[in-house]
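# What the coordinates show
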Amino acid sequence: MAPPAMEMCVGLEKGHKVTKLPKRIKPSQRKGTKSKRVKIIREVIREVAGFSPYERRVIELLKVNKDKRALKFCKKRLGTHRRAKRKREEMQIALQMMRKAQAAAS
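The paragraphs below set out a description of the structure included in this document. Here the structure is a predicted model, which is why all the values come from computation and not from measurement. (Residues numbered from 1 in each chain as written. Predicted model: local features only at pLDDT ≥ 70, side-chain atom pairs only at ≥ 80, totals over all residues. Heavy atoms only, no water.)

### Quick word on the environment of arginine 88
The condition that has to hold: Strands are runs of DSSP state E lasting at least 2 residues, helices are runs of H or I lasting at least 4, and numbering of each runs from the N terminus. What makes two residues a contact is simply this: any of their non-hydrogen atoms within 4.5 Å.
Within the secondary structure, arginine 88 sits in helix 4 (residues 81-105). When near neighbours in sequence (up to four residues on either side) are disregarded, arginine 88 contacts Leu62, Asp67, Lys68, Leu71 and Cys74.

### Quick word on a nonpolar patch on the surface
Which entries qualify depends on this criterion: The patches reported here contain residues having more than 30% relative accessible area and no salt bridge. Joining distances are 9 Å for like charges and 5 Å for nonpolar side chains (Val, Leu, Ile, Met, Phe, Trp, Tyr). For every accessible area listed, the method is Shrake-Rupley and the probe measures 1.4 Å; residues are considered covered only by the protein chains on display. The term salt bridge refers to a pairing of a side-chain nitrogen on Lys or Arg with a carboxyl oxygen on Asp or Glu at a separation within 4 Å.
A contiguous nonpolar surface patch, about 310 Å² in accessible area, is contributed by Ile40, Val44 and Val48. Relative to the elements of secondary structure, isoleucine 40 occurs in helix 1 (residues 36-49).

### Quick notes on helix 4
Basically, it comes down to this: Helix span, expected: 1.5 Å multiplied by one less than the number of residues in the helix. For every residue, the accessible area obtained with a 1.4 Å probe (protein chains only) is divided by the maximum for its type, and the residue is called buried under 20%, exposed over 50%, and partly exposed between those limits.
The terminal C-alpha atoms of helix 4, which comprises 25 residues, lie 36 Å apart, in line with the 36 Å expected from a rise of 1.5 Å per residue. Buried residues of helix 4: Ala84, Lys87, Arg88, Met91, Ala94 and Leu95, and no others. Looking at the buried positions of helix 4, the neighbouring elements they touch are helix 1, helix 2 (53-63) and helix 3 (67-78).

### Some thoughts on the packing of helix 2 against helix 4
Relative orientation and spacing of two packed helices are given, respectively, by the angle between their axes and the distance between those axes. Here is the rule: Only the stretch in contact is used when a helix axis is fitted, and all axes are lines through C-alpha atoms; the angle between N-to-C directions ranges over 0 to 180 degrees. By definition in this entry, angles of less than 35 degrees are roughly parallel, angles greater than 145 are roughly antiparallel, angles of 65 to 115 are roughly perpendicular, and the rest are oblique. Each residue gets one label: Ala, Val, Leu, Ile, Met, Phe, Trp, Tyr, Cys and Pro are nonpolar, Asp, Glu, Lys and Arg are charged, and the others, such as Gly, are polar.
Packing of helix 2 against helix 4 leaves a shortest axis separation of 10 Å and a crossing angle of 70°. One way to sum up the angle between helix 2 and helix 4 is to call them roughly perpendicular. Across from Tyr54, Glu55, Val58, Ile59, Leu62 and Lys63 in helix 2, the residues of helix 4 making contact are Lys87, Arg88, Met91, Gln92, Leu95 and Arg99. When its residues are assigned to classes, the contact of helix 2 with helix 4 shows six nonpolar, one polar and five charged.

Written out as structure tokens, the structure is:
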């Protein structure tokens, strides 16, 4: 039993003192994080299959600086604003990579 000085009846630190257990990481807390394996698989699929027709159209819109139109088009195809923003960003990165590869080739 702890001495009376340790266990106060009042104040912020009142009550019986216990040692806290470390928190376990539950599977639900890592839901949505992409593993290395999944990332590599998706890269290979993208390399082999290329872009879908609507993704190619988004890239064309981005090439002529129609960012807002590309966002609206993505939103119509994907359903939500958040998904559309993410897809537009992904296509902008793909376009940058294509331009970088083209510059390196020439």
